[in-house]
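What the coordinates show
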Amino acid sequence: MGHALIVEDDEDSAKMIAALVAREGHTVMCAHSIGAARKLIAMQRPDLLLLDLHLPDGNGFDLLHDPDIANDTMLVLMTGQASLETSIKALRLGAADYLVKPINPQHLKGLLKRLIAPSQLRAELDEVQELWRETGRFGHLIGRSQPMQRVYRQISRVAGTAVTVFIHGESGTGKELVARAVHDLSRRREQPFLAVNCGALSPHLVESEIFGHERGSFTGAERQHQGFFERAHGGTLFLDEVTEMPLELQVKLLRVLESGTFMRVGSTQVQQTDVRIIAATNRDAAEAVARGKMREDLLYRLNVFPIALPPLRERGDDIALIAASFLQDLGRQEGGSKRFTPGALARLASHRWPGNVRELRNVVQRAWVMASGDQIDEEWLPPVEDPGPGAGLRPEPEAAQGPALAPMPPDGHRNGAAAAALSGAGENQIVVEVGTQLAEVERRVILATYERCGRHKERTAALLGISMKTLYNRLKEYQQ
């Protein structure tokens with residue numbers, strides 16, 4: 001139970017909002033001017049301030065000069081339109097949220113459920129920062145480098161507000177972990193966090209998956225389906241690779257961002273949603289707009305608070321810190337303990353990490369599996385001279401005793417070589433002809449490694465430096 005102050009010059013609107021707030025068990029008072037609001041604040045400091053900025057005797061901003069209001073009161077702006085300007089204004093004021101007039105009762109009810117004093121949020125954030133100083137962990141993120149400290153400051157600043165966040169970063173840098181950190185430090189933490197990879201959804205089903213559909217709305221729609229916006233109601237919806245979303249769907253997403261409403265596929269009934277959007281991309285969003293892959297108005301609407309994630313190669317000592325954390329996780333899962341030698345740490349620091357943290361995790365898993373003792377040296381780590389992607393599919397060092405790509409014999413021996421390629425040219429080699437398509441090369445390498453590892457999937461994935469999910473997908477494709 002909290003105390004709310006409604007500052008609204010329209011008396012009928014103020015009474016309606018007050019009735020909704022009181023119905024949720026809170027005490028409430030109304031003021032129709034800045035002067036009246038100051039008197040009521042002097043009598044009792046509100047836990048929640050619902051503030052209209054356009055008042056008869058001035059601007060609502062004037063009330064915020066009182067430091068007690070800014071420090072201990074949850075501020076919610078009331079506006080006639082949910083625009084980019086409103087979002088920026090809410091961020092600048094440190095507002096927890098904003099309500100669009102006429103006030104939607106469901107939105108207000110959800111907001112009252114998230115009633116947390118700013119001082120409590122700051123105390124929780126202090127705990128997170130203290131843990132980071134001790135362990136190098138900020139939520140699910142790991143790192144002490146200056147670029148990551150900048151990211152942590154941005155997360156800390158935006159988490160307590162309701163503005164839209166747009167995360168930019170290469171594949172594998174941890175964009176979903178940043179989105180999760182924003183959610184976990186927000187007032188929506190008790191509500192759902194749903195992550196959607198827009199590039200992985202079927203073009204034919206993406207609208208249905210995001211907005212839901214009615215029974216019989218298309219062939220195969222045998223029942224009503226709730227989309228991500230409904231399932232994430234009250235919480236956070238993370239739209240990863242948003243630049244891959246079809247243009248016609250971008251129009252509907254823009255409408256949701258501006259009005260807070262949508263319709264299921266096959267329905268004419270308008271649905272209300274109370275969801276915070278966090279979007280992300282590993283591409284240049286401005287270039288996507290220039291190529292016609294993304295709507296410019298949607299980019300402006302999403303890019304209210306941008307967060308740029310640094311690639312792993314620019315994070316210095318974070319590489320060793322993250323690798324050590326992965327080793328600890330593996331030790332808990334598999335039992336035992338292993339550590340990197342100084343030479344191995346130097347090798348990790350010198351690699352370019354085109355796959356970023358995701359690639360590092362795969363490399364550590366592989367090294368854990370292949371290292372026979374309690375120390376991991378350079379033998380199972382990426383070669384220094386290999387800066388490019390796909391390290392897991394490149395030739396192994398001879399000592400690795402894994403599958404390697406051998407040069408193609410002269411024309412006269414090709415038939416024999418082709419046969420050997422299918423059966424394995426030698427115990428630890430396969431042969432591919434120059435000009436073989438890369439997909440076929442990948443297939444042969446994966447299947448040969450799979451057989452070489454006795455059809456042991458975890459060992460195969462570790463040896464190839466790919467994830468278990470990728471291996472499962474490839475074997476399913478190859479029907480193995």
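In the block above lies the structure referred to throughout.
A short tour of the structure in this document, coming up. (Residues numbered from 1 in each chain as written. Predicted model: local features only at pLDDT ≥ 70, side-chain atom pairs only at ≥ 80, totals over all residues. Heavy atoms only, no water.)

Quick look at the sheet that holds strand β7 (residues 97–100)
Backbone hydrogen bonds hold the strands of a sheet together, and the pairing may be parallel or antiparallel. Sheet architecture is open: five strands sit in the order β2-β1-β3-β6-β7, paired in parallel fashion. Whereas interior strands pair on both sides, the edge strands pair on one side only; in this sheet they are β2 (27–31) and β7. For this sheet the average axis-to-axis angle between neighbouring strands, irrespective of direction, equals 20 degrees. (Pairing = 2+ DSSP bridges. Helix = DSSP H or I, 4+ residues; strand = E, 2+ residues; numbered from the N terminus. Axes fitted to C-alpha atoms, helices over the stretch in contact; angles between N-to-C directions.)

Quick notes on the pattern of salt bridges
Under the counting rule described, the total for this entry stands at 22 salt bridges. Among the salt bridges present, the one from Arg 291 reaches Glu 287, with a minimum N-O distance of 3.8 Å. Judged by its relative accessible area of 46%, Arg 291 is partly exposed. Overall, Glu 287 belongs to the partly exposed group, its relative accessible area being 44%. (Salt bridge = Lys/Arg side-chain N within 4 Å of Asp/Glu carboxyl O. Buried < 20%, exposed > 50% of the residue type's maximum accessible area, 1.4 Å probe, protein only.)

Let's talk about the packing of aromatic side chains
Applying the stated criterion across every chain yields a total of six aromatic pairs. Consider the rings of Phe 138 and Tyr 152, whose centres lie 4.5 Å apart with planes at 5 degrees: the pair is stacked. Note that Phe 138 is positioned in strand β8 (residues 137–138) and Tyr 152 in helix α7 (residues 146–158), a separation of 14 residues in sequence. Side by side, Phe 138 and Tyr 152 carry an identical accessibility label, which is buried. Here the aromatic rings of Phe 211 and Phe 229 are separated by 5.6 Å at their centres, their planes lie at 0 degrees, and the arrangement is stacked. One end of the pair, Phe 211, is in helix α9 (residues 206–211); the other, Phe 229, is in helix α10 (residues 228–231), with 18 residues separating them in the sequence. The burial state of Phe 211 is the same as that of Phe 229; both residues are buried. Directly above the aromatic system of Phe 228 lies the positively charged group of Arg 231, at a separation of 4.5 Å from the ring centroid. The side chain of Lys 338 reaches across the aromatic face of Trp 368, ending 4.8 Å from its centre. (Phe/Tyr/Trp six-rings, centres within 6.5 Å; stacked < 30°, edge-to-face > 60°. Lys NZ or Arg CZ within 6 Å of the ring centre and 35° of its normal.)

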